[in-house]
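# Residue-level structure breakdown
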Amino acid sequence: MRAAVMWRPGEPFQVQEIDIAPPGPGQVSVELHSCGVCASDLSLTTSFGQPTPVVLGHEGAGVVTATGDGVDSVAPGDHVVLVWVPPCGRCAPCRRGDDYLCANRKSSADLRAGRGRGASPLSVDGTSIHQGMATSTFAQQTVVPENAVVRIDDDVPFPVAAMMGCAVPTGVGAAIRSARVRPGDDVAVIGCGAVGLNAVMGSVVAGAARVVAVDPMPERRTLATTVGATEGLDPDRIDELRDLDVVIDAVGAPATVTSAWRAVRRGGTVTVVGAGRPDQSVEINAYELFHDDKKITGSFHGGISMHRDLPMLVGLWRSGRLPVEQLIAGTADLDSINDVVAAQQSGRALRIVLSPQP
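Reading the values: the criteria
- Residues numbered from 1 in each chain as written.
- Predicted model: local features only at pLDDT ≥ 70, side-chain atom pairs only at ≥ 80, totals over all residues.
- Heavy atoms only, no water.
- Helix = DSSP H or I, 4+ residues; strand = E, 2+ residues; numbered from the N terminus.
- Phe/Tyr/Trp six-rings, centres within 6.5 Å; stacked < 30°, edge-to-face > 60°.
- Buried < 20%, exposed > 50% of the residue type's maximum accessible area, 1.4 Å probe, protein only.
- Expected span 1.5 Å × (residues − 1).
- Contact = heavy atoms within 4.5 Å.
- Salt bridge = Lys/Arg side-chain N within 4 Å of Asp/Glu carboxyl O.
- Lys, Arg positive; Asp, Glu negative; His and termini not counted.
- Pairing = 2+ DSSP bridges.
- Axes fitted to C-alpha atoms, helices over the stretch in contact; angles between N-to-C directions.
- Right-handed = clockwise from strand over helix to strand, strands pointing away.

Following threonine 52, the chain continues into proline 53 via a peptide bond in cis, with omega recorded as 0 degrees. Tracing the chain through its elements places proline 53 in the loop between helix 1 (39-47) and strand 5 (54-55). For alanine 134, which is not glycine, the phi dihedral falls at a positive 60 degrees. Within the secondary structure, alanine 134 sits in the loop between strand 9 (127-131) and strand 10 (141-145).

This is how it looks when you write it as structure tokens:
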């Protein structure tokens, strides 16, 4: 099969033929029809310790083609979304319903430290190729554990289904699960990439009265108002924001977290859904934290359980309340992945969905 391999950290992808093993016991083979290029994919090897060579990609959807022994939740022909936080169902977070925080999930840091996930099904001429995020969606096919796929209705277009794998649950969940936006709230979202724009839509779904979209690109501020923001704001004017109920930071840099903290009212909430760098810290005045009773929370995967919450997200899309299609700038074949990366990093496109199948 063809896949986009990154041979060294941060280098361009090389689209080539690689070998893939059949599914073993408890595993599922998926023919990938759509995959999104998420910003976190591009920083895995340079900032978060993902070893190379690797096939990256975690936002994907396709069709089950084969299953290993013991698999009974999906069957060949089923449409599925890849789950990059596969829950074990046994640990304390899973038992309390927080399976997106599964204690038995293996991260890139684990791989760097030699605590791997076992043998990868991917290889080239006998050289093992790592599975990025244990999903490797930048390929025509992948093999994953049974708990790393979730069934999705056949009528959901594959590009939309792929977005349901990360951008939609992470952004929408940041608003409705992590920040707990309530009807009538005044909200700001800092950073209007795919996750931030989904946070805008999630805030609207939650009933926010005012949703301010903060982004340096006028085109993205305009798109934000198209999907429900009441106004757009250049980051140079962010100090004008005061007394908001909720600020969702979809950037995660120390400067944006600090701006969010200043913008919320006493008793307000700052929710950070942007992936900050491991070497960055944020300073908050201890007296202000006490006196103003502000709350600051992280939002990993939007606090969304894919196996529980995907039907809810699909229902909101089906009713027109999550216009995911408006966030997709177009589609491209897998061979164009480096052009897609360049377009998204430059801001010329928000999200271009790759179509791995010929």
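Per the stated rule, a full pass over the model turns up three aromatic pairs. With centroids separated by 5.6 Å and ring planes inclined at 90 degrees, the aromatic side chains of phenylalanine 13 and phenylalanine 138 adopt a geometry described as edge-to-face. Here phenylalanine 138 lies in the loop between strand 9 and strand 10 and phenylalanine 13 lies in the loop between strand 1 (2-6) and strand 2 (14-17), a separation of 125 residues in the sequence. Judged by its relative accessible area of 8%, phenylalanine 13 falls in the buried class.

Before going further, it helps to examine helix 6 (residues 194-206). Taking 1.5 Å as the rise per residue, helix 6 with 13 residues should run 18 Å; its terminal C-alpha atoms sit 18 Å apart, in good agreement. Summarising burial for helix 6: 12 of the 13 residues are buried, a large majority. Buried positions along helix 6 lie against helix 5 (167-178), strand 12 (186-190), strand 13 (210-214), helix 7 (218-226), strand 15 (244-249) and helix 10 (306-318). Looking at the residues trailing helix 6, positive phi occurs at glycine 207, about 100 degrees.

Attention now moves to the environment of valine 195. The residue valine 195 is located in helix 6 in this model. A relative accessible area of 17% means that valine 195 is categorised as buried. Setting aside anything within four residues of it in sequence, one finds valine 195 in contact with Ala167, Thr170, Gly171 and Val273.

Here we come to the pattern of salt bridges. Applying the stated criterion across every chain yields a total of 16 salt bridges. A single salt-bridge network, built from bridges that share partners, covers Asp78, Arg151 and Asp154.

Mapped onto the elements, glutamate 146 comes out in the loop between strand 10 and strand 11 (149-151). Nearest to the buried, unbridged glutamate 146 among oppositely charged side chains is arginine 90, at 10 Å. In this view, glutamate 146 contacts Gly26, Gln27, Val28, Gly70, Val71, Asp72 and Ser73; residues no more than four positions away in its chain are not counted.

The strand order across the open sheet built from six strands is 14-13-12-15-16-17, with neighbouring strands paired in parallel fashion. Each of the sheet's edge strands pairs with one partner strand only, and the pair in question is strand 14 (231-233) and strand 17 (295-298). Geometrically, the sheet is characterised by an average inter-axis angle of 20 degrees between neighbouring strands, direction not taken into account. By the bridge criterion, four bridges tie strand 12 to strand 15 in an arrangement that is parallel. Pairing of alanine 188 across the sheet is with valine 247, part of strand 15. Across the sheet, helix 7 is in contact with strand 13 and strand 14; its angle to strand 14 comes to roughly 160 degrees.

One ladder, built from five bridges, connects strand 15 with strand 16 (residues 264-272); its direction is parallel. Within strand 16, the position partnered with leucine 244 by the bridge is valine 264. Between the parallel elements strand 15 and strand 16, the chain passes through helix 8 (residues 254-263) in a crossover that is right-handed. As judged from the four bridges shared by strand 16 and strand 17, these two strands associate in the parallel manner. Paired with valine 270 across the two strands is isoleucine 296, which belongs to strand 17.

The values are spatial; any link to function lies outside them.
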